[in-house]
Amino acid sequence: MDLGHALEATRANLNAEIESFFNSAPPLKNSVDIRNGGGRRVVCVTAGGTTVPLEQRCVRYIDNFSSGNRGATSTEYFVKAGYAVIFLYRRGTCQPYCRSLPDDPLLECFELTDESNIKVHELYSEAVKKAITEHRAAVEEGLLLKLPFTTIFEYLQILRMIALSTSNLGQNAMFYLAAAVSDFYVPWHSMAEHKIQSASGPLNMELAQVPKMLSVLRQDWAPKAFFISFKLETDSKILLQKAISALEKYKMNMVVANELSTRKEEVVVVTSSEKISVRRNKDRGFEDVENPLIQLLVERHSAYIESSSDL
Ligand code: PAZ
């Protein structure tokens, strides 16, 4: 027997031995729990805008507007509701538990007491303590995993990985797609490698359409999960119709419709039978629209899990 055949035979023997080990092992009592994550609900929250690079060694890019606030705030409420959150966010955008901190926390929250000591500025001491405590608790309890993206290429590849690796969670998985995702892009193979030069005059560039990934995500990658997508418009006259179309076209469970200028005050949740207006409760000081929104979504997700278990 030559070396190649000998190695193949050894591998076949090992495989047979492994198979026989598993066949004769006592059955795991909690195998269903392990497979579906112990019944834990998991939500993938996306936040921020994707970029479309114009050069492979990227100097210029097209961006999509989103501060990331919606996703970061919603993440905090999902964790509060007991969900494990996979936070897929645009690098440099708003982060969970940092909302009440100033824009430049390192420089504004801390002060030097002498040459070698730093302390938290009294004005921010409560906010810093709360942010650190809540963030640490979420991470230590395994309720927060943060994954950054910048480009449309990174975003869609990571989203697919998350969908495929959570598909065993079945109905316990939720997708809350608040990121602002590019509709057009420059395919990698047709992109200039180096910085585009301005000396050659005006720039003509054809952008390809990003394949409509939402229907594949919904139907193939995570077919049992509960799906919420967002629809942003600046023209209120077309907003609801666009949300209804997205609901039907991509078979979402819910679409959250929001207008750019009022997105922090009100959203409309569109389902196949309802249009539910969700508003920020102004009487409750700093309350945000995400608090009642996530309450509603968690209730609807519970009903979805319940109704699927009846089947
Ligand atoms: O990130 P942000 O809080 O500034 O804004 C949130 C939002 C408007 C980007 C989000 O609610 C949304 O509508 N995302 C989907 C955008 C789209 O239609 O592509």
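Heads up: the structure comes first, above all this text.
The sections below set out a description of the structure shown in this document. Not measured: the values here are computed from a predicted model. (Residues numbered from 1 in each chain as written. Predicted model: local features only at pLDDT ≥ 70, side-chain atom pairs only at ≥ 80, totals over all residues. Heavy atoms only, no water.)

**Thoughts on the pattern of salt bridges**
Then step 1. For the structure on display, the rule yields 15 salt bridges.
Then step 2. With a shortest N-O distance of 2.8 Å, E76 and R99 are connected by a salt bridge. With E76 in helix α3 (residues 69-80) and R99 in the loop between β4 (84-90) and α4 (105-109), this residue pair connects regions lying 23 residues apart in the sequence.
Then step 3. K119 serves as the salt-bridge partner of E111, at 3.2 Å between the closest nitrogen and oxygen.
Then step 4. A relative accessible area of 29% places E111 in the partly exposed class.
Then step 5. By relative accessible area, K119 is classed as partly exposed at 39%.
Then step 6. A single salt-bridge network, built from bridges that share partners, covers E76, R99 and D288. (Salt bridge = Lys/Arg side-chain N within 4 Å of Asp/Glu carboxyl O. Helix = DSSP H or I, 4+ residues; strand = E, 2+ residues; numbered from the N terminus. Buried < 20%, exposed > 50% of the residue type's maximum accessible area, 1.4 Å probe, protein only.)

**Digging into helix α5 (residues 125-140)**
Then step 1. With 16 residues, α5 ought to run about 22 Å at 1.5 Å a step, and its terminal C-alpha atoms sit 22 Å apart, in line with that.
Then step 2. Residues of α5 that are buried include every one of A127, V128, A131 and A138, and no others. Here the buried residues of α5 occupy an arc of 115° about the axis, which is enough to place them on one side. Opposite the packed face of α5, turned more than 90 degrees from it, sit the exposed residues E126, K129, K130 and E140.
Then step 3. Directly beyond the C-terminal end of α5, a positive phi value near 70° is found at G142. (Expected span 1.5 Å × (residues − 1). Arc of directions from axis to C-beta.)

**Focus: the side chain of Q95**
Then step 1. For Q95, the position within the fold is in the loop between β4 and α4.
Then step 2. A polar contact of 3.1 Å, which involves the side chain of Q95, links it to the backbone oxygen of T93.
Then step 3. Every residue in contact with Q95, bar those within four places of it in the chain, is listed here: A72, F87, Y89 and K146. (Polar contact = N/O pair within 3.5 Å; in protein donor to acceptor, adjacent residues only side chain to side chain. Contact = heavy atoms within 4.5 Å.)

Remember, this is a structural readout, not a statement about activity or role.
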